[in-house]
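Residue-level structure breakdown
Read off the chains here:
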Amino acid sequence: MPIKLVTTVAEFRDESARLLREKKGSSQGLVPTMGALHSGHAALARTAVAQNDVVAASIFVNPLQFGEAADLDRYPRTLDADLALLDSEGVHVAFAPSVDEVYPGGQPLVRVTSGPLGNRWEGASRPGHFDGALTVVAKLLHYGLPGSAHDGGRAAYRAYFGQKDAQQLALVRRMVTDLSFPVDIVAVPTVRDEDGLALSSRNRFLSADQRDAALVLSRALRLLESRANANEPLDLDSAVALVASQPLVALDYFDVVDPLTLEPLAENCRETPFRGEALALIAAKVGPVRLIDNVPLSS
Ligand code: PAF
């Protein structure tokens, strides 16, 4: 059955409930997106379809999480291609609301606050970004909440987020735990091009030279990963130096952090062999394009 496009919250709820009944289903998945979909989103959709009877994806460019109006205007809108990708992955419902549908009273007065975890790393250079992202994720999770499954019980409810946006993922997990949302958050590994570049809707803004230069991010992360795998000291300084050797790349941050709290751990594993679980986070500007990437470290 081809994907069904809906634009109102009422239609989204009705269509999801109808499909759950029709399929006698017991699980519902939601893949929140801002459109401009690529293979990374396809992986989210594929995972959701494999794990749930009914799957919806939202496509909504959320004004609340953009700092400058120009960035919001520049954000690519590719609805037809997005629907084709979601359809090919077997997603049942695409929810593409207008700004008025999501924020009928204009900008919301009350918002989710991301707290100290939202103010560091990406939050330090994008003030208010995570409050805006969490506020819309909270709304989307509520819209997608399944009613009763066919047997009268509540259907399982899962929402899918990319590991690529590690800080967003950590914050969504905290919001769901701290505010008791009845949903399981599923993290899906980062999808990369063959040469290692993490997929992002921003990659389309890189020139060929900038794209080549951007490969240093994943190379530096892989360096840390191989040291962690070998139980060696991570030697973050030499990985930072590798990035600094690329003149088209302006490093913002590069650190090794706790995967849940995103507190820095690098001091502890600079000279001693790496043990445990961590996340290496990196962000840089390549020309005008801000890129982020990360890799889980485990030993
Ligand atoms: O990761 C994104 O695409 C967005 O931040 C999200 C989660 C869809 C909220 O607008």
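Scroll up for the structure.
Because the structure is predicted, anything quoted here is derived from the model rather than measured.

Among the structural elements, Gln-167 can be located in helix 9 (residues 166-178). Discounting chain neighbours no more than four positions away, the residues touching Gln-167 are Leu-117, Gly-118, Arg-120, Trp-121, Glu-122, Gly-123, Phe-130 and Leu-262.

Moving on: the sheet that holds strand 7 (residues 249-257). Reading across the sheet, the 3 strands line up as 7-8-9 and stay open at both edges, with antiparallel pairing between neighbours. Of all the strands in the sheet, the pair left with one neighbour each is strand 7 and strand 9 (289-298). Shown here is a sheet whose adjacent strand axes are inclined to one another by a mean of 15°, direction ignored. Pairing geometry for strand 7 and strand 8 (residues 277-286), over 8 bridges, is antiparallel. Looking across to strand 8, one finds that Asp-255 is bridged to Leu-281. Of the strands in this sheet, strand 7, strand 8 and strand 9 are in contact with helix 10 (residues 208-229), which crosses strand 9 at around 15°.

All right, on to the site of the ligand then. The immediate surroundings of the ligand are formed by Pro-32, Thr-33, Met-34, Gln-65, Val-136, Val-137, Phe-161 and Gln-168. At 2.6 Å, a side-chain N or O of Gln-168 approaches an oxygen atom of the ligand. For the ligand, whose free accessible area comes to 290 Å², the fraction covered by protein is 89%. Only strand 2 (27-33) and helix 8 (129-143) provide two or more residues apiece to the shell around the ligand. Here the shell around the ligand is composed, by residue class, of 5 nonpolar, 3 polar and no charged.

Right, let's talk about the side chain of Ser-114 for a bit. Structurally, Ser-114 can be placed in the loop between helix 5 (99-102) and helix 6 (115-119). Take Ser-114: its relative accessible area is 10%, and that puts it in the buried class. Within the structure, Ser-114 has its side chain in polar contact with the side chain of Asp-131 (distance 2.7 Å). Aside from chain neighbours lying at most four places away, what touches Ser-114 is Phe-130, Asp-131, Leu-134 and Leu-171.

Now for the packing of helix 10 against helix 11 (residues 236-244). The contact between helix 10 and helix 11 brings their axes to 9 Å, and the two run at 165°. Relative to helix 11, helix 10 is oriented roughly antiparallel. As helix 10 runs across helix 11, the sense of the crossing is right-handed. Contact with helix 10, carried on its side by Val-216, Arg-219, Ala-220, Leu-223, Leu-224 and Arg-227, involves Leu-236, Ser-238, Ala-239, Leu-242 and Val-243 of helix 11 and no other residues of that element. Each residue belonging to the contact of helix 10 with helix 11 can be placed in one class, and the counts come to 8 nonpolar, 1 polar and 2 charged.

Conventions we followed
- Residues numbered from 1 in each chain as written.
- Predicted model: local features only at pLDDT ≥ 70, side-chain atom pairs only at ≥ 80, totals over all residues.
- Heavy atoms only, no water.
- Helix = DSSP H or I, 4+ residues; strand = E, 2+ residues; numbered from the N terminus.
- Contact = heavy atoms within 4.5 Å.
- Pairing = 2+ DSSP bridges.
- Axes fitted to C-alpha atoms, helices over the stretch in contact; angles between N-to-C directions.
- Near = heavy atom within 4 Å.
- Polar contact = N/O pair within 3.5 Å; in protein donor to acceptor, adjacent residues only side chain to side chain.
- Areas by Shrake-Rupley, 256 points an atom, 1.4 Å probe, with all protein chains shown as cover.
- Nonpolar A, V, L, I, M, F, W, Y, C, P; charged D, E, K, R; others polar.
- Buried < 20%, exposed > 50% of the residue type's maximum accessible area, 1.4 Å probe, protein only.
- Parallel < 35°, antiparallel > 145°, perpendicular 65-115°, else oblique.
- Left-handed = near helix turned anticlockwise from the far one by under 90°.

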